[in-house]
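Here are the chains, one letter per residue:
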Amino acid sequence: MANDFKFPPVVFPSGGNPSAGSQPRRPATAPFQSPRSSNANIPFLSFEVGAAATSFPPPQFSSSGSISGSGFDDEPPLLEELGINTKQIWNKTVSILNPFRVKPDLHEDADLSGPFLFLMAFGLFQLLAGKLHFGIILGWVTVSALFLYVVFNMLAGRNGNLDLYRCLSLIGYCMLPIVILSALSLFVPQGGAVILGVTGLFVIWSTSVCTRLLVELASCGDEHRWLIAYACFLIYVLFSLLVVF
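Residues numbered from 1 in each chain as written. Predicted model: local features only at pLDDT ≥ 70, side-chain atom pairs only at ≥ 80, totals over all residues. Heavy atoms only, no water.

### Digging into the overall build of the protein
No. 1: Along its length, the protein carries ten helices and zero strands.
No. 2: Helices and strands in the protein line up, N terminus first, as α-α-α-α-α-α-α-α-α-α.
No. 3: Counting only residues that meet the buried cut, the protein has 30% of its 245 residues in that class.
No. 4: For the protein, the proportion of contacts with a sequence separation of at least 24, taken over those separated by at least 6, is 66%.
No. 5: Of the roughly 16,700 Å² of accessible surface on the protein, 65% is carried by carbon and sulfur atoms. (Helix = DSSP H or I, 4+ residues; strand = E, 2+ residues; numbered from the N terminus. Buried < 20%, exposed > 50% of the residue type's maximum accessible area, 1.4 Å probe, protein only. Contact = heavy atoms within 4.5 Å. Areas by Shrake-Rupley, 256 points an atom, 1.4 Å probe, with all protein chains shown as cover.)

Here is the structure:
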């Protein structure tokens, strides 16, 4: 059966050469090769490894293996930047643990890092005993510091030099025996004569240490030692009630 479709003839210009008269072809380039940049002064636009390597010098390493010029070796530790001296806190803690050899010179530089750790530990032991007292502890410490500050300066008169910051620091560090008491109370039956006797010993321990530090570090405290001891005794009895009851 004959084909009824008729196609028009194809006519090539310039004597039948299909390539003649057309634009000249561009030379083939290698695959993945980008054209050269017109500005030779900007090497990072040409994607040439050699030009980019020469524009950025390699880092210089010191003999210790660290990159020179970084400045990290001269940076102080993070705890030192925050004002937390762990060695000083440890020395103060050891001095409180021995009530017969308290070193008042260690507590001349007051801080609140150690007291905050002791108060958090006290609240944690109370939490293990089923008592949530974090807010009560922080509130009572603040009120106790204000109470002791007012009492001491009223007794010392114009010559009193006890500031509130140091008073808060001393009360917090002398809380260490109460913290130990709260840890021991987890293993001692509550409501018995044993826990009451142990509580009395730890309260006397905290009172004696706090009284001695206040008398040694603040002027005009030796004349009113027993009144200051009574105020400290009331403070630590208040905290011991959280442990007993």
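### Quick word on the UniProt feature "transmembrane region" (unreviewed entry) in the protein
No. 1: Mapped onto this numbering, the UniProt entry annotates "transmembrane region" (unreviewed entry) at residues 134-155, 167-188, 194-215 and 227-244.
No. 2: What you have in residues 134-155 is 100% helix and 0% strand, and the ends, taken at the C-alpha atoms, are 32 Å apart.
No. 3: Between the C-alpha atoms that bound residues 167-188 the distance is 32 Å, and the span itself is 73% helix and 0% strand. (UniProt positions renumbered as here; feature names shortened; annotations may be inferred.)

### Here we look at helix H5 (residues 113-128)
No. 1: An ideal rise of 1.5 Å per residue puts 22 Å on 16 residues; H5 measures up with 23 Å between its terminal C-alpha atoms.
No. 2: Residues Ser113, Gly114, Pro115, Phe118, Leu119, Phe122, Gly123 and Gln126 constitute the buried set of H5.
No. 3: If you follow the buried residues of H5, they end up packed against helix H4 (86-97), helix H6 (134-156), helix H7 (164-173), helix H8 (176-184) and helix H10 (225-244).
No. 4: Gly130, located one to two residues past H5, shows a positive phi value of around 90°. (Expected span 1.5 Å × (residues − 1).)

### Thoughts on the pattern of salt bridges
Oppositely charged side chains can form a pair if their charged atoms are brought close together.
No. 1: A complete count under the given rule lists one salt bridge for this structure.
No. 2: As a salt-bridge pair, Lys92 and Asp111 come within 2.6 Å of each other at their nearest N and O atoms. One end of the pair, Lys92, is in helix H4; the other, Asp111, is in the loop between H4 and H5, and 19 residues separate them in sequence.
No. 3: With relative accessibility at 9%, the residue Asp111 sits in the buried group. (Salt bridge = Lys/Arg side-chain N within 4 Å of Asp/Glu carboxyl O.)

### Concerning the packing of H5 against H6
Helix packing for two helices is described by the angle between their axes and how far apart those axes are.
No. 1: Their axes nearest at 9 Å, the elements H5 and H6 cross at an angle of 145°. As for how H5 packs across H6, the hand of that crossing is right-handed. Residue-level inspection shows Leu119, Met120, Phe122, Gly123, Leu124 and Leu127 of H5 in contact with H6, the latter providing Phe134, Ile137, Leu138 and Val141.
No. 2: In terms of residue class, the contact of H5 with H6 is made up of nine nonpolar, one polar and no charged. (Axes fitted to C-alpha atoms, helices over the stretch in contact; angles between N-to-C directions. Left-handed = near helix turned anticlockwise from the far one by under 90°. Nonpolar A, V, L, I, M, F, W, Y, C, P; charged D, E, K, R; others polar.)

### Notes on the packing of aromatic side chains
No. 1: This structure, assessed with the given rule, holds three aromatic pairs.
No. 2: Considering the side-chain rings of Phe118 and Tyr173, the 5.8 Å spacing of their centres and the 80° angle between planes classify their relative orientation as edge-to-face. Of this pair, Phe118 sits in helix H5 while Tyr173 sits in helix H7; the two residues are 55 residues apart in sequence, bridging distant segments of the chain.
No. 3: When its relative accessible area of 11% is taken as the criterion, Phe118 is described as buried.
No. 4: On the basis of relative accessibility, which here comes to 0%, the residue Tyr173 falls in the buried class. (Phe/Tyr/Trp six-rings, centres within 6.5 Å; stacked < 30°, edge-to-face > 60°.)

### Details of the side chain of Ser206
No. 1: In this fold, Ser206 is placed in helix H9 (residues 193-217).
No. 2: Filtering out sequence-adjacent residues up to four positions away, Ser206 remains in contact with Cys174, Pro177, Ile178 and Tyr236.

### So, a nonpolar patch on the surface
No. 1: Residues Leu124, Leu127, Leu128, Leu132, Leu186 and Phe187 make up a contiguous nonpolar surface patch of about 650 Å² in total accessible area.
No. 2: Position of Phe187 among the secondary structure elements: in the loop between H8 and H9. (Patch = residues over 30% accessible without salt bridge, like charges linked within 9 Å, V, L, I, M, F, W, Y side chains within 5 Å.)

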